[in-house]
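Take a look at the letters that make up each chain.
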Amino acid sequence: MPEILLARYALAIFWLARYVERAENLARILDTNATFARDRQGAQHWHSLLELHSDQERFAATHTSPTAAAVLRFYVTDDSNPTSIVSAIGMARENARILRPLISNEMWAHLNVFNKWLQTLDDQALAPGDLTRLFNRIKESCQTHTGITDGTLHRDQVSYFYRLGRYIERADATTRLLDIKYHTLLPHVADVGTPIDIGQWDAVLRSAAGHYAYLRAVSTGVTPSGVAAFLLLHPRFPRSVAFSVAEADRLLAVLRTRHELAGGAAAAASLGGLRNELAMLDIQQIIARGLHEFLDHVQKRLIAATDDLGEAFFDTGTGVGSRVTLDQRQA
Amino acid sequence: MSRGDVTQAIRDRLGGLSIAEFRRRVTEAEAELSDLGVTFTIYSDKDAIDRVLPFDAIPRVIPSDEWQIVEAGVRQRVTALNLLLHDIYHEQSILADRVIPADLVLANANYRPQVQHFNPPCGTYVHVCGIDIVRDRAGVFRVLEDNARTPSGISYVISNRHTMMRAFPELLEQMALRPVGDYGHHLITALREVAPAGKSDPQVALLSPGTYNSAFFEHVFLAREMGVPLVEGRDLVVGDDDRVYMRTTGGLARVSVLYRRLDDDFLDPKAFRPDSMIGVPGLMRAYRTGKVTLANAVGTGVADDKAMYAYMPRIIRYYLDQDPILPNVETHVCRDPDGLRFTLDHLEDLVVKPVGGSGGYGIVIGPRASAAELAACRAQLQADPGNFISQPCVDLSVTPTLIGDKVEPRHIDFRPFAITGKTTWVLPGGLTRVALQRGSLVVNSSQGGGSKDTWVLA
């Protein structure tokens, strides 16, 4: 009998992976910001963070000013904010609930407990002195999740859709990370090349756990274009956009060949095209084109690929019944 | 081993544990169940709360000679139910012979004329049956209720055994217990037996109302135990060829057998309730043309309501020419003028139940009811007698249960499970529910009941 995976399960595992990856990336960015945004530009760093998911308007609707405490609460414990960590893990757990027939007890129980713990966090947990411990625990919980998944998830289609979601989300998150710092830094021409400037770009690296990896891989020291090149184009750093897109492209190819799924040509074209671009371009060309514009272009390609995956695999046999929500970010 | 040997062994072994240690292990076991989401959902007016079913660690022991009676009685009952349903949906000879009143069947809300003359594979209607049994003061097992639609609780039976093995390994050591862990294997085997004719290696799936159903955990549990997909209505589509397909990443894939855990009413908005969002349009068309098997069959609800229950002894004699191995609890059917009169005359001594209800809702226990409750019950009985039966208050048996830091007697009931494909298999065990409130007779989980492991001795 051919291997069968319900379209709804494929959608759920894809988004389960994305939500956990999203929570981990958010924890990384918040952690770095909380540690390194204590300087004279501190307020601006917290404000620019709100551009991460274009959240400025929603934040302004319920808050007066983007203080560190307000932004942290908004992104960590505010369950009315769909882009908060508690919401992301809540959505991951809802998807896991759908996937209970497929995933291990360990995977489910861990997410269940992680989610329950996040629900108990209050402002006390966000006190400045406790932040590092808090974000470490969130990151570790996300990594425990990926470890349990790696150790228990059957290596059939499910596992490929899971990793496809993880790498598409990671590529997207890394472009957003670069994009917010791009906004922070460039308007202040006077600061470019000063210690603050370098410190901010180093903070970007640390957000992506790339500080020492960078120092090992790049001999020229921390420069803005060096960091951008490393996080965008490095072929072997596991959080770079190029690495993540190449992985996503490879995983989709396996689904379409070894697992004999006929659909997905459009998504394969999107991911393959992006992979080639990232392999061909160098950072100077990208900066000449405009870094922000390029990051925007990458994000749009990733969104298009996600939509294509949705049409090809997550809602097959259309005509009768309800259409599944493809972009759960908007749901 | 006799019951005495086993209970003495349990007593000795439990005696080696302090109450604090005992309590600690139960608490940890319940925390593990909570982490795993082994929960059921309680619906109140505004909230839906996930709860762990309280677990009592003192097992209930059934020696093999007593089990043989239960097993034979359950088998007999399931056989009669299947014969009854086949007759109702074909010749209706039991109605012609006036053994049961025709309007009890034909006017029943759960009678489905849509499946008249339909032949389910192997003649099996009730593939999964849960029969609620109590034990009276004289030690006689009596049937309290038949559940022939979508009986639940099996996941707790197996989960309780796992909890015992993990939390109290010393209690089980060297005990010769009948296993309960192969339920899923028996279920998938039976479901494959009843697949549409000519279908080799049929695809089986479990059809669930979805993640927000109170029994969703059990649906997941059974899908996993059988190794089959858990599908919702929106995953399925009925083709122009009347076959049922599920939407997969590779396109449409045929499904031949659905173990459905939703009621008839919700199966197909084209055939039953048009507002059902969890059903599959066209499913009844596929079913009637024999392209898909539904388990349990459509229309079984007519056989398990509480008015039909009163006739079960006669039904068993009619089809099997045998006396019931498991007697009923004495039952007064209020649709009979005599039954109504008796019920009204003895209301304060009787338990009054709505015939179609489940989950313990709507039951009035005469001896415990206030004057106002009795008056309300009396008014309901007079307004709609056909909707009620009454029974004497059975003095339910009790079993030792840990309450606070003491072991106290608590009332229990018992639900064994039978699976029927070509033949009937009865799980050697079942769900023992316990009323945790002192003196309470209501064991339903929605009303403060708990459960305990049931040891059928080999």
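Quick caveat, the model's predicted, so the values are computed rather than measured. Think of each chain on its own: its residues are numbered from 1, step by step along the sequence as written. Here the convention is simple: chains get letters from A, ligands get numbers from 1, in the order in which they are written. Whole-chain, interface and lining totals are the exception, using all residues; otherwise, since this is a predicted model, local features are given only for residues with pLDDT of at least 70 and side-chain atom pairs are given and counted only at 80 or more. Processing note: side-chain calculations cover all non-hydrogen atoms of the structure and skip hydrogens and water entirely.

## Section: the sheet that holds strand S12 (residues 293–295) of chain B
Residue and element names in this part refer to chain B.
Then step 1. Strand order across the open sheet formed by four strands is S7-S6-S11-S12, with parallel pairing between neighbours. Since the sheet does not close on itself, it has two edges, and those belong to strand S7 (230–231) and S12, each with one partner.
Then step 2. Two strands pair when backbone bridges link them, and strand S6 (residues 204–207) and S7 are joined in this way by two bridges, in the parallel orientation. Paired with Leu207 across the strands is Val231, a residue of S7. Whether two strands pair comes down to DSSP finding at least two bridges between them. Elements are defined by DSSP. Helices are runs of H or I of four residues or more, strands are runs of E of two residues or more, and each kind is numbered from the N terminus.

## Some thoughts on the domain arrangement of chain B
All names here are of chain B.
Then step 1. Domain ranges listed in this record stem from an automatic or a database domain assignment. Under the domain assignment, chain B is made up of domain 1 (3–329 + 395–456) and domain 2 (332–392).
Then step 2. Placing the centre of domain 1 and that of domain 2 at their C-alpha centroids yields a distance of 26 Å.
Then step 3. Any pair of residues with heavy atoms lying within 4.5 Å of one another is described as a contacting pair. Counting residues at the interface gives 18 residues for domain 1 and 16 residues for domain 2.
Then step 4. Buried area is a sum: the accessible area each of two parts loses on coming together, probed at 1.4 Å, counted once for each and added. Summing the contributions of domain 1 and of domain 2, the shared interface buries around 1400 Å²; its carbon and sulfur component is 51%.
Then step 5. What makes a salt bridge here is a side-chain nitrogen of Lys or Arg within 4 Å of a carboxyl oxygen of Asp or Glu, nothing more. Joining domain 1 to domain 2, the criterion identifies one salt bridge.
Then step 6. Between Arg335 and Asp103 there is a salt bridge, and its shortest N-O distance comes to 2.7 Å.
Then step 7. Polar contacts, as used here, are pairs of N or O atoms within 3.5 Å; protein pairs need one atom able to donate a hydrogen and one able to accept it. Residues neighboring in sequence count only if both atoms are side-chain atoms. Our count for the domain 1 to domain 2 interface comes out at three residue pairs in polar contact (both at pLDDT 80 or more).
Then step 8. Of all the secondary structure elements, the ones that give two or more residues to the side of domain 1 that touches domain 2 are helix H5 (102–106) and helix H12 (306–310).
Then step 9. Examining the composition of the side of domain 1 that touches domain 2, we find that four residues originate from one element, H12, more than from any other.
Then step 10. Per-class residue counts for the side of domain 1 that touches domain 2 are 10 nonpolar, five polar and three charged. Charged means Asp, Glu, Lys or Arg here, nonpolar means Ala, Val, Leu, Ile, Met, Phe, Trp, Tyr, Cys or Pro, and polar covers whatever is left, Gly included.

## Structural notes on the interface of chain A and chain B
Then step 1. Listed as interface residues are 32 residues of chain A and, on the opposing side, 28 residues of chain B.
Then step 2. For the pair chain A and chain B, the summed buried area comes to about 2600 Å², and 52% of that belongs to carbon and sulfur atoms.
Then step 3. Taken together, the connections running from chain A to chain B amount to two salt bridges.
Then step 4. Arg8 of chain A is the salt-bridge partner of Asp235 of chain B, the closest N and O atoms lying 2.5 Å from each other.
Then step 5. Linking chain A with chain B are 15 residue pairs in polar contact (both at pLDDT 80 or more).
Then step 6. Of all elements in the fold, only helix H1 (7–36), helix H5 (85–98), helix H6 (105–120), helix H8 (157–185) and helix H15 (291–314) of chain A reach the threshold of two or more residues within the side of chain A that touches chain B.
Then step 7. In terms of residue count, H6 of chain A provides more of the side of chain A that touches chain B than any other element does, six residues in total.
Then step 8. Residue classes in the side of chain A that touches chain B are distributed as 18 nonpolar, nine polar and five charged.

## Some thoughts on the packing of H1 of chain A against H5 of chain A
Residue and element names in this part refer to chain A.
Then step 1. Helix axes are fitted to C-alpha atoms over the stretch in contact, other axes to C-alpha atoms as well, and angles between N-to-C directions run from 0 to 180 degrees. In contact at an axis separation of 8 Å, H1 and H5 are set at 155° when each is read in the N-to-C sense. In this view, H1 runs roughly antiparallel relative to H5, as classed from their interaxial angle. Remark: the crossing between H1 and H5 carries left-handed chirality. In this structure, H1 contributes Arg8, Tyr9, Ala12, Trp15, Leu16, Tyr19, Val20, Ala23, Leu26, Ala27 and Leu30 to the contact, and H5 contributes Ile85, Ala88, Ile89, Met91, Ala92, Asn95, Ala96 and Ile98.
Then step 2. Residues of the contact of H1 with H5, tallied by class, amount to 17 nonpolar, one polar and one charged. Orientation categories follow fixed angle ranges, with anything under 35 degrees roughly parallel, anything over 145 roughly antiparallel, 65 to 115 roughly perpendicular, and all other angles oblique. With the far helix as reference, a near helix turned anticlockwise by less than a right angle produces a left-handed crossing, and one turned clockwise produces a right-handed crossing.

## Some remarks on the pairing of strand S11 (residues 257–260) of chain B
All names here are of chain B.
Then step 1. Categorising residues by exposure relies on relative accessible area from a 1.4 Å probe, with only protein chains included: less than 20% of the type maximum marks a residue as buried, more than 50% marks it as exposed, and the intermediate range marks it as partly exposed. The two faces of S11 match: Val257 and Tyr259 on one face and Leu258 and Arg260 on the other face are all buried.
Then step 2. Relative to S11, S6 runs parallel, the two sharing four bridges. In the sheet register, Leu206 faces S11, and the bridge partner there is Tyr259.
Then step 3. In the sheet, S11 pairs with S12 via three bridges, with the strands oriented parallel. Across the sheet, the residue bridging to Val257 is Thr293, located in S12.

## Some details on the sheet that holds strand S8 (residues 236–238) of chain B
Residue and element names in this part refer to chain B.
Then step 1. The strand order across the open sheet formed by three strands is S8-S9-S10, and the pairing between neighbours is antiparallel. Where the open sheet ends on each side, the last strands, each with one partner, are S8 and strand S10 (251–255). Adjacent strand axes in the sheet meet at a mean angle of 40° when their direction is disregarded.
Then step 2. In terms of strand pairing, strand S9 (residues 244–248) meets S10 through five bridges, oriented antiparallel. In the sheet register, Thr248 faces S10, and the bridge partner there is Gly251.

## Overview of the domain arrangement of chain A
Residue and element names in this part refer to chain A.
Then step 1. Examined at the domain level, chain A breaks down into domain 1 (7–153) and domain 2 (155–316).
Then step 2. With 33 residues of domain 1 in contact, the opposing surface of domain 2 contributes 34 residues.
Then step 3. Taking both partners together, domain 1 and domain 2 bury about 3200 Å²; carbon and sulfur atoms supply 59% of that area.
Then step 4. Linking domain 1 with domain 2 are six salt bridges.

## Looking at the state of the cysteines
Residue and element names in this part refer to chain B.
Then step 1. Disulfides are defined in this document as cysteine sulfur pairs within 2.5 Å. If you walk through the whole model with that rule in mind, you get zero disulfides over all chains.
Then step 2. Among the cysteines around Cys129, which has no disulfide bond, Cys122 carries the closest sulfur, lying 17 Å off.
Then step 3. For Cys129, a relative accessible area of 1% translates into the label buried.
Then step 4. This cysteine, Cys393, is not joined by any disulfide, and Cys377 carries the nearest cysteine sulfur, 12 Å off.

## As for the packing of aromatic side chains
Then step 1. Side-chain rings of Phe, Tyr and Trp (the six-membered ring for Trp) are treated as a pair once their centres are within 6.5 Å; stacked means planes under 30 degrees apart, edge-to-face means over 60, and tilted covers the remaining angles. Scanning all chains against the criterion turns up 20 aromatic pairs over all chains.
Then step 2. Centroid distance Phe14 of chain A to Trp15 of chain A: 5.8 Å. Interplanar angle 80°. Geometry classified as edge-to-face. For the pair Phe14 of chain A and Trp15 of chain A, a shared accessibility class is recorded, and that class is buried.
Then step 3. Whether a charge lies above a ring is judged from NZ of Lys or CZ of Arg, which has to be within 6 Å of the ring centre and within 35 degrees of the ring normal. Sitting over the face of the ring of Trp117 of chain A, Arg137 of chain A holds its NZ or CZ atom 4.0 Å from the ring centroid.
Then step 4. Residue placement shows Arg135 of chain B over the ring face of Phe141 of chain B; its charged tip is 4.4 Å from the ring centre.

## What about the environment of Gln380 of chain B?
Residues and elements named next belong to chain B.
Then step 1. Looking at the element boundaries, Gln380 is found in helix H15 (residues 371–383).
Then step 2. Judged by relative accessible area, Gln380 falls into the partly exposed class, the value being 45%.
Then step 3. Excluding residues within four positions of it along the chain, Gln380 makes contact with Pro385 and Phe388.

## Here's the deal with the confidence of the model for chain A
Residues and elements named next belong to chain A.
Then step 1. The pLDDT score gives, residue by residue, the confidence of the prediction method on a 0 to 100 scale. For chain A, the mean per-residue pLDDT works out to 87, and 88% of the residues sit at or above 70.
Then step 2. Mean pLDDT values for the elements of chain A range from 76 in helix H2 (residues 42–49) up to 97 in helix H12 (residues 241–257).
Then step 3. Note on residues 318–331: pLDDT is under 50 here. Beyond four places in sequence and across chains, it has 31 contacts.

## Re unusual backbone geometry
Then step 1. With an omega of -5°, the peptide bond running from Ala295 of chain B to Asn296 of chain B counts as cis.
Then step 2. Considering the arrangement of structural elements, one finds Asn296 of chain B in the loop between S12 and H12.
Then step 3. One non-glycine residue, Glu260 of chain A, lies in positive phi territory at about 55°.
Then step 4. Mapped onto the elements of the fold, Glu260 of chain A is located in the loop between H12 and helix H13 (265–280).
Then step 5. Accessibility expressed as a relative area gives 66% for Glu260 of chain A, which makes it exposed.
Then step 6. The residue Arg98 of chain B is not glycine, and still its phi comes out positive at about 55°.
Then step 7. Residue placement: Arg98 of chain B occurs in the loop between helix H4 (93–96) and H5.

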